[in-house]
Amino acid sequence: MTQDALLETSSPALRELRFAVLDLETTGGSPKARWGKDGRFIQPSEITEVGMVRLSGPVVEDRFSSLAAIQGFLPEEIQRLTGISLPMLAGAPPWEQVALKLAPRLEGRVWVAHHAPYDGSFLKAWLPEGIWRRHRLVCTRLLAKKLIPELPRRSLAELCAFLGITNTRAHRALQDAEATAEVLQHLLQRAEDRDMDGEAFLAAGEVAWNKV
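S.K.: In this structure, what is going on with the packing of aromatic side chains? I would like to understand it.
M.R.: Two aromatic rings are characterised by how far apart their centres lie and by the angle between their planes. Counted under the stated rule, the structure contains five aromatic pairs. Seen from their ring centres, Tyr118 and Phe122 are 5.2 Å apart, and the 55° between their planes marks the pair as tilted. Of this pair, Tyr118 and Phe122 are both found in helix H6 (residues 116–126), four residues apart, which corresponds to roughly one turn of the helix. Members of the aromatic cluster, joined through ring pairs, are Trp111, Trp132 and Trp209.

S.K.: Before we go on, may I ask you to explain helix H8 (residues 140–147) in this structure?
M.R.: Since the α-helix packs 3.6 residues into each turn, any two residues three or four apart lie on the same face. Listing the buried residues of H8 in full gives Thr140, Leu143, Ala144 and Leu147. One side of H8 holds all its buried residues, which, seen down the axis, span an arc of 100°.

S.K.: Which parts of the structure should I look at to understand the state of the cysteines?
M.R.: Two cysteines, two sulfur atoms, one covalent bond between them: this is a disulfide. What the rule picks out here adds up to zero disulfides. In this model Cys139 remains outside any disulfide bridge; the closest cysteine sulfur is found in Cys160, 14 Å from its own. Its relative accessible area of 3% is what places Cys139 among the buried residues. With relative accessibility at 4%, the residue Cys160 sits in the buried group.

S.K.: Even after reading the chapter, I still don't get the packing of H8 against helix H11 (residues 198–205), so can you show me in this structure?
M.R.: The angle between the axes and the distance between the axes are what describe a pair of packed helices. The contact between H8 and H11 brings their axes to 7 Å, and the two run at 115°. With respect to H11, the axis of H8 lies roughly perpendicular. Residue-level inspection shows Leu142, Leu143, Lys146 and Leu147 of H8 in contact with H11, the latter providing Phe201, Ala204 and Gly205. When grouped by side-chain class, the residues that make up the contact of H8 with H11 number five nonpolar, one polar and one charged.

S.K.: What is the right way to look at the nonpolar core in this model?
M.R.: As a rule of thumb, nonpolar side chains are buried together in soluble globular proteins. Grouped together as the largest cluster of nonpolar side chains are 31 residues, with contacts concentrated most on Phe19, Leu184, Leu187 and Phe201. Every element with two or more residues in this core is listed here: strand S1 (18–26), strand S4 (47–56), strand S6 (110–113), H8, helix H9 (156–163), helix H10 (173–193) and H11. Here the element with the most residues in this core is H10; it accounts for nine residues. What Phe201 contacts, discounting residues up to four positions off in sequence, is Leu14, Leu17, Phe19, Leu143, Leu147, Leu184, Leu187, Leu188, Ala191 and Met196. Counting 27 residues, the second-largest nonpolar core is a separate cluster that includes Met52, Ala116, Phe122 and Ile131.

S.K.: Help me understand unusual backbone geometry, please; the structure alone is not making it clear to me.
M.R.: Glycine aside, negative phi is the norm for most residues, and most peptide bonds take the trans geometry. The phi dihedral of His171 is positive, around 75°, even though this residue is not glycine. Along the polypeptide, His171 turns up in the loop between H9 and H10.

Basis of the calculations
- Residues numbered from 1 in each chain as written.
- Predicted model: local features only at pLDDT ≥ 70, side-chain atom pairs only at ≥ 80, totals over all residues.
- Heavy atoms only, no water.
- Phe/Tyr/Trp six-rings, centres within 6.5 Å; stacked < 30°, edge-to-face > 60°.
- Helix = DSSP H or I, 4+ residues; strand = E, 2+ residues; numbered from the N terminus.
- Buried < 20%, exposed > 50% of the residue type's maximum accessible area, 1.4 Å probe, protein only.
- Arc of directions from axis to C-beta.
- Disulfide = S-S within 2.5 Å.
- Axes fitted to C-alpha atoms, helices over the stretch in contact; angles between N-to-C directions.
- Parallel < 35°, antiparallel > 145°, perpendicular 65-115°, else oblique.
- Contact = heavy atoms within 4.5 Å.
- Nonpolar A, V, L, I, M, F, W, Y, C, P; charged D, E, K, R; others polar.
- Core = buried A, V, L, I, M, F, W, Y, C linked by side-chain atoms within 4.5 Å.

Dropping the structure here:
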């Protein structure tokens, strides 16, 4: 199929959607302080890195990434998994500066993450309420459940393998955001093939903010 033919048969509503695909690396599992089951007090986790790919429909517009300095502890297992070390973060800007650069890039877009309840919980905790409350949050895992039902497991790695996507540095924010953006492109194509409109597409993957 030619590019002109693809444009003629595509859903305009889908191609008019503007996305900010996000991935975060953090120091742990929750942005909220809490008591563990063992009675130990657990400090809130922090964001160490953010990666973002912006798309207009399926077309990549630009990318953004930044490390972020932290105040607390960075577990050794997290350092091994991500390759992000304390010396790297020591020279990084504080989160407030990162957020000031990130927020304008998020405006007017649908926010997308592969495990949106997780990333969304940190965005909700670390960005002003006025920013996240006026944006929709969509999960590519939920979209894949709807649009790729033949795939029983839908981790980012499994989706990349199924769709032929190469992720050269898993567990780094920008590389995972880029892989998620490619997954989103495939999902948009499948939605077009089903004649799904933009609202139905978003509804299939949307995560309510009160559930993150």
